[in-house]
Amino acid sequence: MQISIGTNRITGLPSCLWLLLATVLLVGCAGPSLEDYSDRGPVLTPQEFFTGELSARGVVKDFSGEVIRTFDADISASWDSNGIGTLDEEFRFDDGEVQTRVWTLTPDNGALHADAGDVVEPGTMRWQGNAINMNYVLRVSYGDGTIDVRMDDWMYLITPDTLINQTTMTKWGIEVGEIVLVISKR
């Protein structure tokens, strides 16, 4: 008995190899979901953690994973009587650059609509267990101009006073960098 594997007429690759390649690519695209963290603690609630004065320390990595900048930041966080939050951030980079960003977090059906002056596509902040996820598009300086970069922001509460934030930066679906930082309550 002979088994025929078949070949794709366009590429010349056997059909089973195409199937394997497609499966690997699809599995590689699967990432964590917030539900994966629903039973983990300590419980992270943005209105509780992001209150008062916070400090941050972190690194910016390029597409290869090399650290290209380090920074520290001060964050002043508050909430008004309507549940709208403000995160006033000042970043100081190792090359002397200073950036500021003021986030406005507005309640939106159990989540928070997140917007800032340099955010060209606002995000929705959602949380479960010890994790927060937010996806948005940020306009950043690049050369003599700017580019818009998609930010996939994941935050994990490690202790009641310490949060680790990992952000993957992509352009046209290709990873171009990563930001990793620790935020601590003062």
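Coordinates for the structure precede this section.
Positions within a chain are numbered from 1, following the residues in the order the chain's sequence is written. Per-residue local features are limited, in this predicted model, to residues with pLDDT of at least 70; the limit for side-chain atom pairs, both in listing and counting, is 80 or more; totals at the level of whole chains, interfaces and linings are taken over all residues. The side-chain values count all of the structure's non-hydrogen atoms but skip hydrogen atoms and water molecules.

**What to know about the layout of surface pockets**
Think of a 1 Å grid over just the protein atoms. A cavity is a set of points where a 1.4 Å probe fits yet cannot get out, a pocket is an open set with protein on both sides within 12 Å along at least five of seven lines, and lining residues have an atom within 4 Å of a point. Grid points are joined across faces, edges and corners, and a volume is the space filled by probe spheres set on the points. By volume, the largest pocket amounts to about 1,000 Å³. Lining the largest pocket are 44 residues, and of these Leu-138, Val-140, Met-151, Met-169 and Ile-179 lie nearest its centre. Numbering of helices and strands runs from the N terminus; a helix is a DSSP stretch of H or I covering at least four residues, while a strand is a stretch of E covering at least two. When residues of the lining of the largest pocket are traced back to their parent elements, those giving at least two are β1 (52-62), β2 (67-79), β3 (85-93), β4 (98-108), β8 (131-142), β9 (145-159), β10 (162-171) and β11 (174-185). Per element, the largest residue contribution to the lining of the largest pocket is seven residues, and it comes from β8. For the lining of the largest pocket, the class distribution of residues is 27 nonpolar, seven polar and 10 charged. Gly is placed with the polar residues, together with every amino acid not listed as nonpolar (Ala, Val, Leu, Ile, Met, Phe, Trp, Tyr, Cys and Pro) or charged (Asp, Glu, Lys and Arg).

**Notes on the side chain of Asn-130**
Positionally, Asn-130 belongs in the loop between β7 (123-128) and β8. Look at Asn-130 and you get buried, because its relative accessible area is 8%. When checking whether two residues touch, look at their non-hydrogen atoms; a contact exists if any pair is within 4.5 Å. Sequence-distant contacts of Asn-130, defined by excluding residues within four places in its chain, comprise Tyr-37, Arg-40, Gly-41, Pro-42, Leu-44, Met-155, Tyr-156 and Leu-157. For every residue, the accessible area (1.4 Å probe, protein chains only) is compared with the maximum for its type, and the residue is labelled buried under 20%, exposed over 50%, or partly exposed between those bounds.

**As for the environment of His-113**
Here His-113 shows up in strand β5 (residues 111-115). By relative accessible area, His-113 is classed as partly exposed at 31%. Between the alpha carbons of His-113 and Met-125 there is a distance of 6.3 Å; along the sequence they are 12 residues apart. Contact partners of His-113, with chain neighbours within four places excluded, come to Thr-104, Leu-105, Thr-106, Asp-108, Pro-122 and Gly-123.

**Quick word on the pattern of salt bridges**
Basic side-chain nitrogens of Lys or Arg form a salt bridge, by our definition, when they fall within 4 Å of a carboxyl oxygen of Asp or Glu. On inspection of all chains with the given rule, the structure shows 11 salt bridges. Between Asp-95 and Arg-69 there is a salt bridge, with its nearest N and O atoms 3.0 Å apart. You can see Asp-95 sitting in the loop between β3 and β4 and its partner Arg-69 sitting in strand β2, a full 26 residues away along the chain. The exposure class of Asp-95 is exposed, given its relative accessible area of 53%. With a relative accessible area of 17%, Arg-69 lands in the buried category.

**Notes on the pairing of β1**
Bridge count between β1 and β2: 10 bridges; the pairing is antiparallel. From the neighbouring strand, Val-59 faces β2, where its bridge partner is Thr-70. By definition, two strands form a pair when at least two bridges between them are found by DSSP. Taking the residues between adjacent antiparallel strands as the criterion, β1 and β2 are bridged by four residues, where Gly-65 takes a positive phi near 95°. Strand direction decides the pairing type here: β1 and β11, joined by nine bridges, are antiparallel. Across the sheet, the residue bridging to Arg-57 is Val-182, located in β11.

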